[in-house]
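Chain by chain, the residues run as shown.
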Amino acid sequence: MIQRLEQGEEALTVTWCAGGESRFPYLWLRDNCRCALCRDPRNGQRLFDALDLPAAPEPAALRLEGEAVVIAWAGEGHDSRYGASWLAAHDLSPAARARRRPEILLWGREIANDLPRANWPRVLAEPAVELALLRDLARHGFALLQGVPTEHGQVAVVGDRLGHVRVTNYGRLFDVVSQPNPNNLANTALALDVHTDNPYRDPTPGLQLLHCLECAAPGGETVLVDGFRAAEELRRRHPEDFARLARLPLAFHFADATADLAAATPVIGVDFDGHVTSVHFNNRSMSALDLPEGEILPWYEAYRHFAAILREPAGELRLRLQPGDLIIMENNRALHGRTAFDPNLGRRHLQGCYVDKDGVESRRRVLERNMA
Ligand SMILES: [Fe+2]
């Protein structure tokens, strides 16, 4: 797998038999030594402190031993061994890093007849079906579960099976029904523009689950919009607006008799490579913008451009949830809303809960590991 090693001044260059080269800085290699003195063999955790690491480690010698690179470190009496497959899996080149990115599929209304979906009893019985569901969820930022028993509390049963339900001031789960004196506009019969939930929390909920128990009321369609696709569309049409929404923080706030929640974050989150990682959009709970005056008007222009893209019919996926349907959404990607309904002509009752995203991703990786 490795054809040749070249000892550079600060980095090792590996030439691969399949073609191409990869560079690995010595400091990075020394820090990632896999030996039993450096890593606990039982759990893989590092056994030395950041300041125990030599500031500028240098190889006294390096050699290829079968499919492994062995480095003897100068002045340490310490050897490190790196398997070729480990090095390939941690290749720092832009192309290799791009290949390691999770696959994201951007969507709009064109997927209406090809939804990521799974049957809940099968998910419970078959690990391969559960894994397929969790992979679909990661790619699309949402998935539809069908066949969830229409019983109170089932949404939290699903949440605790796929991850861990997060308790908030709304409790472990919440009901979305039309109420006479609602503390939240969700509990009216009004249409709700698409939004992400609870951006006034830190951290915001990773996933939202909504379980349809009853839907006899005319109207009340669920609307989903891919916030990542909308953000990419904004970047394509108005790059300066995209940069503004990714740079400037927006504060959100929610208060009722017992809670006073506030958090601030940019509307569009990006990582250092420039990839979109989150969207926080909720006009109902946006606070007064707190920025230098010169930023205010350009920010609103950018925000309105983004809001207009979020409303474009091509991006809107409309679903009529049936009793037993449960929609799982990555809350900081898949925006959701609903059309108005008439509560006098039938009940509409959804039950929801929030689930931390890390637990669901952990579940997916454990299933992948177990099935490898
Ligand atoms: Fe919501």
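No experiment lies behind these values; they were computed from the predicted model shown.

(A) Fine view of the sheet that holds strand 4 (residues 59-65). What the 3 strands build is an open sheet, ordered 4-5-6; its pairing is antiparallel. Sheet topology places strand 4 and strand 6 (78-83) at the edges, where each strand pairs with a single neighbour. Strand-to-strand twist in this sheet, taken as the mean axis angle between neighbours without regard to direction, amounts to 20 degrees. Across 6 bridges, strand 5 (residues 68-73) lies against strand 6 in antiparallel orientation. Paired with V69 across the strands is Y82, a residue of strand 6.

(B) Representation of the sheet that holds strand 13 (residues 222-226) within the structure. Read across the sheet, 4 strands follow the order 11-20-13-18 without closing on themselves; strand pairing throughout is antiparallel. The sheet terminates laterally at strand 11 (192-195) and strand 18 (316-319), the two strands that pair on one side only. Taking the axes of each pair of neighbouring strands and ignoring which way they run, one obtains an average angle of 20 degrees across the sheet. One ladder, built from 5 bridges, connects strand 13 with strand 20 (residues 334-338); its direction is antiparallel. Residue pairing in the sheet places V223 in a bridge with G337 of strand 20. Of the strands in this sheet, strand 13 and strand 20 touch helix 7 (residues 227-237), which is tilted by about 45 degrees from strand 13.

(C) Quick look at the nonpolar core. By size, the foremost hydrophobic cluster in this structure holds 52 residues, and its most contacted members are F142, L245, I268, W299, F306 and I327. A per-element tally of this core places helix 9 (residues 293-310) first, with 6 residues. Discounting chain neighbours no more than four positions away, the residues touching F142 are W107, I111, L115, P116, D136, L137, L224, L317, I327, I328, M329 and A334. Core analysis: the second largest hydrophobic core is formed by 25 residues, L131, L137, L173 and V355 among them.

(D) Region of the structure containing the packing of aromatic side chains. Enumeration over the complete set of coordinates arrives at 13 aromatic pairs. Arranged with centres 5.6 Å apart and planes meeting at 40 degrees, the rings of W28 and W86 form a pair that is tilted. Separated by 58 residues along the polypeptide, W28 in helix 1 (residues 26-31) and W86 in helix 2 (residues 84-89) bring together distant segments of the chain. On the basis of relative accessibility, which here comes to 22%, the residue W28 falls in the partly exposed class. Connected via pairs of aromatic rings, a cluster forms that spans Y170, F174, Y200, F254 and Y354.

(E) Highlighting the coordination of the iron ion. Protein coordination at the iron ion: the donors are H195 (NE2), D197 (OD) and H336 (NE2), at 2.1 to 2.2 Å from the metal. All donors of the iron ion belong to a single chain; written as a sequence motif, their spacing is H-x1-D-x138-H. Taken together, the positions of H195 in strand 11 and H336 in strand 20 put the pair 141 residues apart, joining distant regions of the chain. A single burial state applies to H195 and to H336, both of which are buried.

(F) A look at the packing of helix 7 against helix 9. Running from amino to carboxyl end, helix 7 crosses helix 9 at an angle of 130 degrees, the nearest separation of the two axes being 9 Å. As the angle between them shows, helix 7 and helix 9 are arranged oblique. Considering only the axes of helix 7 and helix 9, their crossing is right-handed. For the pair helix 7 and helix 9, contact is made by G227, A230, A231, E233, L234 and R237 and by A302, H305, F306, I309 and L310, respectively.

Criteria and thresholds
- Residues numbered from 1 in each chain as written.
- Predicted model: local features only at pLDDT ≥ 70, side-chain atom pairs only at ≥ 80, totals over all residues.
- Heavy atoms only, no water.
- Pairing = 2+ DSSP bridges.
- Helix = DSSP H or I, 4+ residues; strand = E, 2+ residues; numbered from the N terminus.
- Axes fitted to C-alpha atoms, helices over the stretch in contact; angles between N-to-C directions.
- Contact = heavy atoms within 4.5 Å.
- Core = buried A, V, L, I, M, F, W, Y, C linked by side-chain atoms within 4.5 Å.
- Buried < 20%, exposed > 50% of the residue type's maximum accessible area, 1.4 Å probe, protein only.
- Phe/Tyr/Trp six-rings, centres within 6.5 Å; stacked < 30°, edge-to-face > 60°.
- Donors = N, O, S within 2.8 Å, 3.2 Å for Na, K, Ca; no water.
- Parallel < 35°, antiparallel > 145°, perpendicular 65-115°, else oblique.
- Left-handed = near helix turned anticlockwise from the far one by under 90°.

None of the figures reported here should be taken as evidence of function without further support.
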